[in-house]
Structures are given as C-alpha cells and as structure tokens.
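Coordinate analysis (summary)
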Amino acid sequence: MIFDSLNNSARYESVHPRLKRAFELIAATDWTAVEPGIHELDGRDIFVNVIECPLKERADAKLEVHDAYIDIQVLVTGDEESFGWSERRDLKLPLGPFSTEKDIRLFDDVPQTYYTLRPGQFTILFPEDGHAPMVGEGTIRKIIVKVRR
C-alpha cells in the first residue's frame, strides 16, 4: 500500500511499468466533469471507475482484495475518505469465493489499521493489500484507476 500526495506521484512511476501512464491520465483529466461509470483509458490495461457514493460506517465496509489489477484510488470531491487496511495474508474470514470475473474477494476481518485520504492525495493498493474503502460520512466522488499487473 502506498499513500501520498498527487504532487509526489512521479516517485512511484518505477514501481510498475504502467503506473507512469496511469498517473499521466489522472493528471490530464478533469474528473469532476467525467460521467460516473467505467471508462477505458488504455484498453483493459488501464481503466477507471468514476463513482459518486455515500460513505459507510466502519462495520459496513468489508475488506477486499484483487488479483489481476492494482488500484490507484483518488478522492475527487468530498472532505475525506477513510480506508481500512490489512495484509492479505492475515485475512481469515472470506465472505465467499474469489470472483475472477469481477477480480474481487471480500473478507469480514477487522482491518489492522485505518488511514484517511483527502482531495489531492492517492492510495495505491496492490494484490497483497486487503482494503476497506469508502469509510466516513457524507457523499464523495472518487476515481478508482485499475492498472493491470
């Protein structure tokens, strides 16, 4: 898991070959003007899900993991969004099988820690990161950029 300011995104471009292109696309787009939904940025290698949604209580936000994609999550509007986080290897309470079609498996474990994202910041979540997004109060607009591993 990486948590930082978008101003520092260049520091992470060498972590994966597609991250540089993903951050270029993030910076080049006015995400307040893009319709909610899934938009391909570089075919299925890099795509984005633009969502507007109410935030949840901690108990209602389930930890999730992905196998095929790395997430870059950016808060576009709203005051803040909190994330629960746990190491994937420590997750013990699956809420069903892994969905290859949706690239997700949910868990009912309690996160090991929480951190808070504000506009202008991002988090990168790798397959080894269990994460429970969209925790807090109010409604937000965010992007989830999916980068194929």
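Before going into details, it helps to say that this report is about the structure given with it. (Residues numbered from 1 in each chain as written. Predicted model: local features only at pLDDT ≥ 70, side-chain atom pairs only at ≥ 80, totals over all residues. Heavy atoms only, no water.)

**Thoughts on unusual backbone geometry**
Phi angles above zero are rare outside glycine, and D103 is one such case at about 55°. Inspection of the secondary structure assignment puts D103 in the loop between strand 6 (81-87) and strand 7 (105-107). Residue D103 is classed as buried on the basis of its relative accessible area, which comes to 7%. At M134, a residue that is not glycine, the phi angle is positive and equals roughly 65°. In this fold, M134 is placed in strand 10 (residues 129-135). On the accessibility criterion, M134 (16% relative accessible area) is buried. (Helix = DSSP H or I, 4+ residues; strand = E, 2+ residues; numbered from the N terminus. Buried < 20%, exposed > 50% of the residue type's maximum accessible area, 1.4 Å probe, protein only.)

**Overview of the packing of aromatic side chains**
Under the definition given, this model contains five aromatic pairs. Arranged with centres 5.0 Å apart and planes meeting at 70°, the rings of F23 and F122 form a pair that is edge-to-face. Highlighted residues: F23 in helix 1 (residues 19-27) and F122 in strand 9 (residues 121-125), separated in sequence by 99 residues. Of the residues examined, F23 reaches a relative accessible area of 4% and is grouped as buried. (Phe/Tyr/Trp six-rings, centres within 6.5 Å; stacked < 30°, edge-to-face > 60°.)

**Thoughts on the nonpolar core**
Nonpolar side chains in soluble globular proteins tend to end up buried together. I26, W31, I72, F122, I124, I143 and V145 are the most contacted members of the largest nonpolar core, which totals 22 residues. Not counting chain neighbours up to four residues away, the residues in contact with F122 comprise I2, F3, D4, S5, L6, S9, Y12, F23, I72, Q73, V74 and L117. One finds L75, W85, M134 and I140 within the second-largest nonpolar core, a separate group that totals 12 residues. (Core = buried A, V, L, I, M, F, W, Y, C linked by side-chain atoms within 4.5 Å. Contact = heavy atoms within 4.5 Å.)

**Some words on the sheet that holds strand 2 (residues 37-42)**
With antiparallel pairing, the six strands of this open sheet are ordered in space as 1-9-5-11-3-2. Edge positions in the sheet fall to strand 1 (2-5) and strand 2, since each of these pairs with one other strand and no more. Each strand axis lies, on average, 20° off the axis of its neighbour in the sheet, ignoring direction. Bridge count for strand 2 against strand 3 (residues 46-54) is five bridges, and the pairing is antiparallel. Bridge assignment links D42 to a residue of strand 3, and that residue is I46. (Pairing = 2+ DSSP bridges. Axes fitted to C-alpha atoms, helices over the stretch in contact; angles between N-to-C directions.)

**Describing the side chain of S86**
Looking at the element boundaries, S86 is found in strand 6. At 2.9 Å, the side chain of S86 and the backbone nitrogen of Q112 are in polar contact. Excluding its chain neighbours within four sequence positions, the residues that come into contact with S86 are L63, L91, V110, P111, Q112, E128, D129 and G130. (Polar contact = N/O pair within 3.5 Å; in protein donor to acceptor, adjacent residues only side chain to side chain.)

Nothing here speaks to function; it is geometry throughout.
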